[in-house]
Amino acid sequence: MKELNELNFPDDVKYTREHEWAKIEEGNVFVGITDYAQDQLGDIVFVEMPAEGDSFEEGEEFGTLESVKAVSEIYLPVSGEILAINEALEDEPEMVNKDPYEAWIVKVKPADVSEFDNLMDKTAYLKLVESEFDSEPDSEPDSEFE
Amino acid sequence: MKTTPLHGWHVEQGANMAPFGEYEMPLWYPAGAKQEHLAVIKNAGLFDTSHMVGITVTGPGARTLLQHCFSKDLEHCLGPKKNPLVAGRAVYGVFLNNNGCVIDDGLVYEVLDHLYFVVVNSGMGGVITKQLEEHSEKVLTAAVCDLTDTLGKIDIQGPESAKILAKILENPAKVLTDMPYFSFKGWFTDEVEGVEPVRLKDGTALLLSRTGYTGEFGFEIFLEAEKTLNVWQMLLETGADRGILACGLAARDSLRAGAVLPLSHQDIGPWPFAENPWLFALPERDAGGHFSAKFIGSEALEAYIAEEYTLAFAGFDPRKMVISEKSFVCDSEGNRLGIILTCATDMAVGRLDDGTLVSLATSEKDGRPADFVPRGLSCGFVKLTKALNPGECVWLTDGKRKIKVEIRQDIRPDRTARRALKKMV
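One structure accompanies this document, and this report is about it.

Rules used throughout
Residues numbered from 1 in each chain as written. Chains lettered and ligands numbered in written order. Predicted model: local features only at pLDDT ≥ 70, side-chain atom pairs only at ≥ 80, totals over all residues. Heavy atoms only, no water. Contact = heavy atoms within 4.5 Å. Buried area = accessible area lost by both parts, 1.4 Å probe. Salt bridge = Lys/Arg side-chain N within 4 Å of Asp/Glu carboxyl O. Polar contact = N/O pair within 3.5 Å; in protein donor to acceptor, adjacent residues only side chain to side chain. Helix = DSSP H or I, 4+ residues; strand = E, 2+ residues; numbered from the N terminus. Nonpolar A, V, L, I, M, F, W, Y, C, P; charged D, E, K, R; others polar. Pairing = 2+ DSSP bridges. Axes fitted to C-alpha atoms, helices over the stretch in contact; angles between N-to-C directions. Phe/Tyr/Trp six-rings, centres within 6.5 Å; stacked < 30°, edge-to-face > 60°. Buried < 20%, exposed > 50% of the residue type's maximum accessible area, 1.4 Å probe, protein only. Lys NZ or Arg CZ within 6 Å of the ring centre and 35° of its normal. Parallel < 35°, antiparallel > 145°, perpendicular 65-115°, else oblique. Left-handed = near helix turned anticlockwise from the far one by under 90°. Core = buried A, V, L, I, M, F, W, Y, C linked by side-chain atoms within 4.5 Å. Domains from an automatic or database assignment.

### Observations regarding the interface of chain B and chain A
It is common to give the size of an interface as the accessible area that goes away when the parts come together.
Stage number 1. Contacts between the two partners involve 29 residues from chain B, matched on the other side by 24 residues from chain A.
Stage number 2. Note on chain B versus chain A: buried area summed over both sides is about 2,300 Å², and carbon and sulfur give 54% of it.
Stage number 3. Our count for the contact surface shared by chain B and chain A stands at 7 salt bridges.
Stage number 4. B:Arg401 is paired through a salt bridge with A:Glu66; the nearest N and O atoms lie 2.5 Å apart.
Stage number 5. The tally of links between chain B and chain A comes to 8 residue pairs in polar contact (both at pLDDT 80 or more).
Stage number 6. Contributing elements (two or more residues each) for the side of chain B that touches chain A: strand 1 (16-20), strand 2 (23-28), helix 2 (33-42), helix 8 (249-258) and strand 17 (336-346) of chain B.
Stage number 7. Looking at the side of chain B that touches chain A residue by residue, the class counts come to 15 nonpolar, 6 polar and 8 charged.

The following block contains the structure:
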């Protein structure tokens, strides 16, 4: 596991409580998972993505990440329509581990850009991660290894 | 939380640690569980399994006691000819209660006529010792000693294992010959009369066993706890140029699932040990269904009428189902068929277009395409209320997601565990 000071949190993206990042480019929002999330999950072996054209609400589950440890849902940071999925992840899901901020999962046409503005910035997200670090000794054992 | 002698090393290396039974153990190291799994298929992997337990059973009554408590016919258990267990050999079996339900699985090693070594799972030392002691009253001449937390255990697994081990053994040419699958040499303290010692170049005494729980070629090493860290580091340094990796419990879980090996208390447990892929852990049965030897639980198994069937499966892609109270197995229409016991991803395998399973270890001659890149397949065990045949499909679901999997006789092809030692040194 990485220590807090080894984790990478860029300044130019926004963050969610569920550990997704979102970045706006030319009016569209790219979504992925944070360095903390990929480190917690371990090797990602499969990314289940929605279909282009699907629409989701803010906070709605749009796919799952399969890691060696668990299956985790991924939630859309902003409401909108899926314009594109990152097809490269179908063959190389490990890109999410290697470079979580390059390995975007979906590109979304946001229904309401103000939802993006309301996401956490780096400082707020770092606080959230710090609090999770502090509470880690209480984490439950993974059922598969009991 | 209890720790093994390697705990400090795991933490220092940045392992992802998690509770496993009473111990805090590494799930994976920074290389990640996928690379660790693949290292065991291609090169070698090193596992800290010091949380497992050794028990000695000594005295003239030792064999009778083990015959009574362990699910094997010790007089008919070795090889295709079903020869008696002899010194230097080990057998896999289960400890059952009177109802034929599993207390734990384990290996019984015959060290000498009057000295047996039993290896069971983490936390089970006390329970199995108690079970043996209770029945030793009938035998009177056997003593049972629980070695919980006094031994270190390192598993070196993968095709390069013998070559790496050879470099640190005092007498590799002598030790690494005539050592078939499920045989062993040496003892973990310096001198036991009648046992030819196995030593490393630095003098460390080992019990070296040609076993493991990954389905791949390799060894389990038992040694005194305080010597574990030194030997662990020596193996990693020596094996570095052969691609050895330290491996955590996640890789161990995915490797053993692909090798169709059960995890005690998960795939086998407090239900009758019957109708599962592991009946090789029992003696042979005659036409009347009677076992060739009696042991605790044998009568219950002879009388058992099948209600549940434990079956191996493999999926069609790496997607897994997390086991929870909500997860279950169903047919194509959603009718409930049973429960999921294990669901892991074997990262070394994939399917060809016709559905055939291929592993990284499969030779091109045996059908592995030259450009084969394994994507991994989910695999594991289900317990169903209906017997299904290999090739039939079921669905794993948590009520939301649904994953189609195929009932299988075997999962990861071309495993190396049984390869002849002389081809591996």
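### Quick word on the sheet that holds strand 21 (residues 393-397) of chain B
All names here are of chain B.
Stage number 1. Taken together, 6 strands build a closed barrel; the order of strands is 15-20-17-16-21-22 and the barrel is antiparallel. Here the strands of the sheet are splayed against their neighbours by 45° on average, with no regard to which way each runs.
Stage number 2. Of the strand pairs in this sheet, strand 17 and strand 20 (residues 377-384) are connected by 8 bridges, and their pairing is antiparallel. Across the sheet, the residue bridging to Ala-344 is Cys-379, located in strand 20.

### Looking at the packing of aromatic side chains
Residue and element names in this part refer to chain B.
Stage number 1. In total, this model carries 22 aromatic pairs over all chains according to the counting rule given.
Stage number 2. Aromatic side chains Tyr-109 and Phe-184 sit 4.9 Å apart centroid to centroid with 85° between the ring planes, which places their arrangement in the edge-to-face category. Note that Tyr-109 is positioned in strand 6 (residues 102-112) and Phe-184 in strand 10 (residues 184-186), a separation of 75 residues in sequence.
Stage number 3. Judged by its relative accessible area of 0%, Tyr-109 is buried.
Stage number 4. Following the ring pairs from residue to residue traces out a cluster consisting of Tyr-109, Phe-117, Phe-184, Trp-187, Phe-188 and Phe-222.
Stage number 5. One Lys or Arg, Arg-351, reaches over the ring of Phe-316 and ends 4.1 Å from the middle of that ring.
Stage number 6. A cation sits over an aromatic face here: Lys-404 above Phe-316, 5.7 Å from the ring centre.

### Quick look at the packing of helix 2 of chain B against helix 8 of chain B
Residues and elements named next belong to chain B.
Stage number 1. Between helix 2 and helix 8, whose axes approach to 8 Å, the crossing angle comes to 55°. Classified by the interaxial angle, the pair formed by helix 2 and helix 8 is oblique. The two elements helix 2 and helix 8 cross, and the hand of that crossing is right-handed. Every residue of helix 8 that contacts helix 2 at Ala-33, Glu-36, His-37, Val-40 and Ile-41 is listed here: Ala-250, Ala-251, Ser-254 and Leu-255.
Stage number 2. For the contact of helix 2 with helix 8, the class distribution of residues is 6 nonpolar, 2 polar and 1 charged.

### Notes on the nonpolar core
All names here are of chain B.
Stage number 1. Formed by 46 residues in total, the largest nonpolar core has its most connected members in Tyr-109, Phe-117, Trp-187, Phe-188, Leu-207 and Phe-273.
Stage number 2. At the level of elements, strand 5 (89-96), strand 6, strand 7 (115-120), strand 15 (309-315), strand 17 and strand 20 are the ones that each hand at least two residues to this core.
Stage number 3. A domain split of this core shows at least three residues from each of domain 1 (1-259 + 270-303) and domain 2 (308-408).
Stage number 4. If near-sequence neighbours (up to four positions away) are discounted, Tyr-109 is found in contact with Arg-89, Ala-90, Leu-115, Tyr-116, Phe-117, Val-119, Phe-184, Leu-207, Ser-209, Thr-211, Glu-220 and Phe-222.

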